[in-house]
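Per-entry structural report
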Amino acid sequence: MTSELLGSIMSRGFMSSQSHGKALIEMARSVIPPLTASRHKGQAGRTAVMGGCKEYTGAPYYAAISALKIGGDVSHVFCAKEAAPVIKSYSPELIVHPILDSSTAVSEISQEWLPRMHSMVIGPGLGRDSQLVNNVKGVLETAKEQELPLVIDADGVYMITHNPAIIRDYKRVILTPNVVEYARLFEAVLGCNPDSKDALDGAIELSKALGGVTIVKKGPEDIITDGTQGMIPNITLSVT
Ligand SMILES: NC(=O)C1=CN([C@@H]2O[C@H](COP(=O)(O)OP(=O)(O)OC[C@H]3O[C@@H](n4cnc5c(N)ncnc54)[C@H](O)[C@@H]3O)[C@@H](O)[C@H]2O)[C@@H](O)CC1
Ligand SMILES: Nc1ncnc2c1ncn2[C@@H]1O[C@H](COP(=O)(O)OP(=O)(O)OP(=O)(O)O)[C@@H](O)[C@H]1O
């Protein structure tokens with residue numbers, strides 16, 4: 001997905017904050033390019049997933065395969081060496097690089113692969129091994145230089161909790177914390193626990209403190225904010 005499409009989703013998402021799930025699904029559908037004979041593989045999106053270690057192989061698989069299932073053309077997974085054969089065995093559709101724990105990971109991924117990517121997901125099944133995390137931080141710096149849209153989830157959110165400066169003021173990032181990840185991030189950035197009574201205002205405040213990054217807080221009710229506006233999408237109505 002290009003950054004323009006991402007921007008389109010976000011702006012139209014906020015515009016439709018009063019509407020229901022059906023409108024959100026329509027909005028997402030409208031930015032998926034049609035299949036035509038003039039297009040070739042890759043034009044509908046090339047995604048890189050940074051995650052997958054000895055313990056966790058399912059999470060990066062689901063992130064990468066989901067990008068294909070919603071219309072993307074090519075999904076790469078950059079993971080630790082031990083995780084690669086396992087992730088490859090889940091699907092012949094994924095391109096799996098066993099290099100995220102290598103000493104040359106940052107230069108190899110940054111120079112050879114990032115210029116070809118349209119978006120990047122950081123964190124699913126990444127774990128907390130310092131070499132993996134440091135390599136991901138290095139790759140993230142290059143991704144920012146290239147203005148790549150980023151989604152940061154799971155252990156990626158943990159990484160940001162300990163280094164919020166890495167993404168502060170970078171507008172093309174979406175953080176997707178669950179309840180526990182959100183509470184940790186909130187405490188780290190704002191120095192107090194989130195108030196469940198003012199969940200929407202709290203999320204807006206957190207986004208603002210991070211320079212307007214987009215936050216999708218997951219929970220019984222999801223909250224989406226870019227620090228200027230917030231919405232609680234009602235997607236249950238869209239299922240039928
Ligand atoms: N098959 C896989 O590859 C899996 C990989 N995972 C990866 O494992 C890594 C660590 O994830 P963890 O989720 O263990 O993170 P943490 O080690 O930060 O643990 C978070 C804890 O919070 C709890 N929690 C979550 N939502 C909660 C809620 N609403 N209320 C109260 N408690 C709640 C969880 O049960 C968990 O014990 C991530 O990188 C993640 O992607 C896991 O998500 C599970 C599956
Ligand atoms: N208490 C809840 N009631 C209903 N739906 C929930 C609840 N908590 C989470 N969800 C739904 O599950 C989605 C994932 O949230 P969850 O808290 O499981 O995040 P997660 O631990 O990061 O999971 P995953 O890694 O699978 O995304 C949310 O976007 C929300 O739609």
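What you see is a predicted model, and the numbers here were worked out from it, not measured in a lab. (Residues numbered from 1 in each chain as written. Chains lettered and ligands numbered in written order. Predicted model: local features only at pLDDT ≥ 70, side-chain atom pairs only at ≥ 80, totals over all residues.)

1. Brief notes about the pairing of strand β2 (residues 74-78)
- Among the five residues that make up β2, five are buried, leaving the element largely enclosed by the rest of the structure.
- Across five bridges, the pairing between strand β1 (residues 46-50) and β2 is parallel. Within β2, the position partnered with R46 by the bridge is V74.
- Chirality of the crossover, the property in question, places the unit of β1, helix α3 (residues 58-69) and β2 among those that are right-handed.
- Across three bridges, the pairing between β2 and strand β3 (residues 95-97) is parallel. Looking at the pairing, F78 lines up with H97 of β3. (Buried ≥ 20, exposed ≤ 12 C-beta atoms within 10 Å, placed from the backbone. Helix = DSSP H or I, 4+ residues; strand = E, 2+ residues; numbered from the N terminus. Pairing = 2+ DSSP bridges. Right-handed = clockwise from strand over helix to strand, strands pointing away.)

2. A look at the sheet that holds β3
- Taking strand neighbours across the sheet as the criterion, the nine strands line up as β3-β2-β1-β4-β5-β6-β7-β8-β9 in an open arrangement whose pairing is mixed. Whereas interior strands pair on both sides, the edge strands pair on one side only; in this sheet they are β3 and β9 (230-231).
- Pairing analysis gives two bridges linking strand β6 (residues 173-175) to strand β7 (residues 214-217), with the strands arranged parallel. The partner of L175 across the bridge, within β7, is I215.

3. Notes on α3
- Between the first and last C-alpha of α3 there are 16 Å, a value that for 12 residues agrees with the 16 Å anticipated at 1.5 Å per step.
- For α3, the complete set of buried residues consists of A59, P60, Y61, A63, A64 and A67.
- Buried residues along α3 sit in contact with β1, β2, α4 (84-90) and β4 (119-122). (Expected span 1.5 Å × (residues − 1). Contact = placed C-beta atoms within 7 Å.)

4. So, the site of ligand 1
- Around ligand 1 sit 13 residues, and of these Y56, G58, A59, A154 and V179 come closest.
- If you list the elements that add at least two residues to the shell around ligand 1, you get α3 and α8 (179-190).
- The residue makeup of the shell around ligand 1, split by class, is seven nonpolar, five polar and one charged. (Near = placed C-beta within 6 Å. Nonpolar A, V, L, I, M, F, W, Y, C, P; charged D, E, K, R; others polar.)

5. Considering the nonpolar core
- Counting residues in hydrophobic clusters, the biggest one holds 55 residues, and the most contacted among them are M50, F78, C79 and V136.
- Among the elements that make up this core, the one with the highest residue count is helix α6 (residues 130-145) (six residues).
- With residues up to four places along the chain from it excluded, the contact list for V136 reads M50, I122, L126 and M159. (Core = buried A, V, L, I, M, F, W, Y, C linked by C-beta atoms within 7 Å.)

6. Some words on the pairing of β7
- Here β7 runs beside strand β8 (residues 223-225); their pairing, made up of three bridges, is antiparallel. When the sheet's bridge partners are listed, I215 is paired in β8 with T225.
- Counting the residues between successive antiparallel strands, the hairpin from β7 to β8 contains five residues.

7. Remarks on the site of ligand 2
- Inspection of the region around ligand 2 gives A154, N178, V179, K218, G219, P220 and D222 as its neighbouring residues.
- Taken together, the residues that form the shell around ligand 2 break down as three nonpolar, two polar and two charged.

8. Some remarks on the environment of Q111
- Structurally, Q111 is set in helix α5 (residues 105-113).
- What makes Q111 exposed here is the crowd of 10 C-beta atoms within 10 Å.
- Placed 31 residues apart in sequence, Q111 and T142 show a C-alpha to C-alpha distance of 8.8 Å.

By themselves these figures say nothing about function.
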